[in-house]
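Inside the fold
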Amino acid sequence: MALVNEHFLKLPGNYLFSDIAKKLNTFKVTHPKQDVIRLGIGDVTQPLAPACIEAMHKAVDEMTRKETFRGYGPDQGYDFLIEAIIKNDYAPRGVQLSNAEIFISDGAKSDTGNIGDILRHDNSVGVTDPIYPVYIDSNVMCGRAGVLENGRWSNVVYIPCTGENCFIPQIPDRRIDILYLCYPNNPTGTTLSKQELKKWVDYALANDTLIFFDAAYEAYIQDPKIPHSIYEIRGAKRCAIEFRSFSKTAGFTGVRCGYTVVPKELTGATLTGERISLNQLWSRRQSTKFNGASYITQRAAEAVYSPEGKEQVRKIISYYMGNAKLMKEELESTGLKVYGGENAPYLWVKTPKETSSWRFFEQMLYEAHVAGTPGVGFGPSGEGYVRLTAFGEHSDCVEAMKRIKTWLA
Ligand code: PLP
């Protein structure tokens, strides 16, 4: 008899997006003629940059010839991509990294979900709240989150980010072993200044806390003062692992490529206090359980850093950020309080008159025929908010705003 990992049974039955899909289905069945504009799910809509497509075609052609065919690649990624990352994403920000500190992967979901493999099950966990659900669910699966009591996991410290504290998480009054930070933030679309991020790095260094810094949306930062990488803060290499993704940067949600930075000086401890290199553990974990992103994909990712690729990707991001600007202005003109949308593709909308997230979601669906995502699905502090994304077609965003304005008028 195979015994199951019973921690999986603790996970709430329905994932947020399947709950939403069910509600949308019910609406479609009862209103078959009414179209719905979906501003909920965070997938991109614009095609890949031509430079990436060209690089993929070239890589496919290489696969057709014996002399240029590629089989298994290097465990942690091809040097051509790793070097392009260091040269373009880090060196210009004054961050020096070696090739062995970058691990190419199939995206940030796998890496943020798998990173817990290299840590004991009884570390305490801290998250800013609301949060990308993968951080918590992956800790539930290995028993690290504890038990669910009134919508909160017993071994997770929730650090609230709401309109009351301008979405700036306050340093907790106790120590935490592992802390997840995501900036620019999904779902709130807010960012942290260098000074605010430094407080967390200082906290981590003082408390021997390991920070997981998810920078999947760094390409959307418009304000030059906002840090793109946690390593822009002095000392962060001794306390943080950073996750990056080409998904939202360059439309790779279907292609799949990302990377994780594990600095050489970063260590964790054994129970006896011996310090162990996390770079070595992650390298061992990945070479055992992961066989690399495809050569074709890595060539496409490399093309993001070519002069043409950079320009094309910049235009796509501007397209989405143009949507965000329009949505923010239009929603604010109705009197709604709207956060984010300036350095991130997400708008975090406060529901009026204390309406619950789900209630507002349903009202907007049934009365304006626009679908968002209920904020409470991202954690207890998301109650009373709805997330809208700027990843849609521009014409859909315009029409959605028209509908919402008519509805709220
Ligand atoms: N991290 C955050 C905060 C995200 O919002 C997402 C996707 O929505 C991911 C990671 C996953 O990215 P990837 O497509 O690289 O797996």
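Our subject in this report is the structure included herewith. (Residues numbered from 1 in each chain as written. Predicted model: local features only at pLDDT ≥ 70, side-chain atom pairs only at ≥ 80, totals over all residues. Heavy atoms only, no water.)

1. A word on the pairing of strand β6 (residues 156-160)
Within β6, 4 of the 5 residues are buried, which leaves it mostly tucked inside the rest of the structure. Pairing of strand β3 (residues 125-129) with β6, which is carried by 5 bridges, proceeds in the parallel orientation. Bridged to V127 within β6 is Y158. (Buried < 20%, exposed > 50% of the residue type's maximum accessible area, 1.4 Å probe, protein only. Helix = DSSP H or I, 4+ residues; strand = E, 2+ residues; numbered from the N terminus. Pairing = 2+ DSSP bridges.)

2. Description of helix α9 (residues 295-303)
α9 sits mainly inside the fold: 7 of its 9 residues count as buried. Among all positions of α9, only Y295, T297, Q298, R299, A300, A301 and A303 are buried. Of the surrounding secondary structure, the elements contacted by the buried residues of α9 are α2 (50-63), α3 (79-90), β2 (102-105) and α10 (307-333). (Contact = heavy atoms within 4.5 Å.)

3. Quick notes on the site of the ligand
Around the ligand there are 14 residues in total, and N186, D214, Y217, S245 and S247 lie nearest to it. In the model, a nitrogen atom of the ligand is placed 2.6 Å from a nitrogen or oxygen of the D214 side chain. At 2.9 Å, a side-chain N or O of K248 approaches an oxygen atom of the ligand. For the ligand, whose free accessible area comes to 400 Å², the fraction covered by protein is 90%. Residue assignment for the shell around the ligand shows that the elements contributing at least two residues are α4 (108-114) and α7 (247-250). Here the residues of the shell around the ligand sort into 6 nonpolar, 4 polar and 4 charged. (Near = heavy atom within 4 Å. Polar contact = N/O pair within 3.5 Å; in protein donor to acceptor, adjacent residues only side chain to side chain. Areas by Shrake-Rupley, 256 points an atom, 1.4 Å probe, with all protein chains shown as cover. Nonpolar A, V, L, I, M, F, W, Y, C, P; charged D, E, K, R; others polar.)

4. A short note on the pattern of salt bridges
Following the criterion strictly, the structure yields 21 salt bridges and no others. In this structure, the salt-bridge partner of D202 is K198, at a minimum N-O distance of 2.7 Å. Taken together, the residues D202 and K198, both in helix α6 (residues 194-207) and 4 residues apart, mark about one turn of the helix. As a salt-bridge pair, E330 and K405 come within 2.9 Å of each other at their nearest N and O atoms. Of this pair, E330 sits in helix α10 while K405 sits in helix α12 (residues 394-408), and the two are 75 residues apart along the sequence. (Salt bridge = Lys/Arg side-chain N within 4 Å of Asp/Glu carboxyl O.)

5. Describing the nonpolar core
If you look at the biggest cluster of nonpolar residues, it comprises 101 residues, and the most contacted ones within it are I211, F246 and F252. No other element matches the 8 residues that α10 contributes to this core. Two domains each provide a minimum of three residues to this core, namely domain 1 (14-43 + 310-408) and domain 2 (53-305). I115, V140, V156 and L278 belong to the second-largest nonpolar core, a separate cluster that totals 28 residues. (Core = buried A, V, L, I, M, F, W, Y, C linked by side-chain atoms within 4.5 Å. Domains from an automatic or database assignment.)

6. What to know about α3
For α3, which comprises 12 residues, the first-to-last C-alpha distance of 15 Å matches the rise-based estimate of 16 Å (1.5 Å per residue) to within 8%. Residues of α3 that are buried in the fold lie against β2, β9 (240-245), β10 (258-261) and α9. (Expected span 1.5 Å × (residues − 1).)

7. Some details on the sheet that holds strand β16 (residues 373-374)
Here 4 strands make up an open sheet; going across it, the order is β13-β14-β17-β16 and the pairing antiparallel. Strands at the two margins of the open sheet, each flanked by one partner only, are β13 (337-340) and β16. Strands in contact with helix α11 (residues 357-368) are β16 and β17 (385-389); relative to β17, the strand with the most contacts, it is inclined by about 50 degrees. (Axes fitted to C-alpha atoms, helices over the stretch in contact; angles between N-to-C directions.)

8. Quick word on a nonpolar patch on the surface
Together, V4, F8, L9 and M141 line one region of the surface with nonpolar side chains, adding up to about 400 Å² of accessible area. In this fold, M141 is placed in helix α5 (residues 134-141). (Patch = residues over 30% accessible without salt bridge, like charges linked within 9 Å, V, L, I, M, F, W, Y side chains within 5 Å.)

9. A few points about the pairing of β13
As judged from the 4 bridges shared by β13 and strand β14 (residues 346-350), these two strands associate in the antiparallel manner. Following the sheet pairing, Y339 is matched in β14 by W348. In sequence, β13 turns back onto β14 through a hairpin of 5 residues, with G341 there showing a positive phi of about 80 degrees.

10. A word on the sheet that holds β2
Taken together, 7 strands build an open sheet; the order of strands is β2-β10-β9-β8-β7-β3-β6 and the sheet is mixed. This sheet does not close on itself; its edge strands, each paired only once, are β2 and β6. Going from strand to strand, the sheet's axes swing by 20 degrees on average, the running direction of each strand aside. Packed onto the sheet, α5 meets β3, β6, β7 (178-182) and β8 (210-214) and runs at close to 155 degrees relative to β7.

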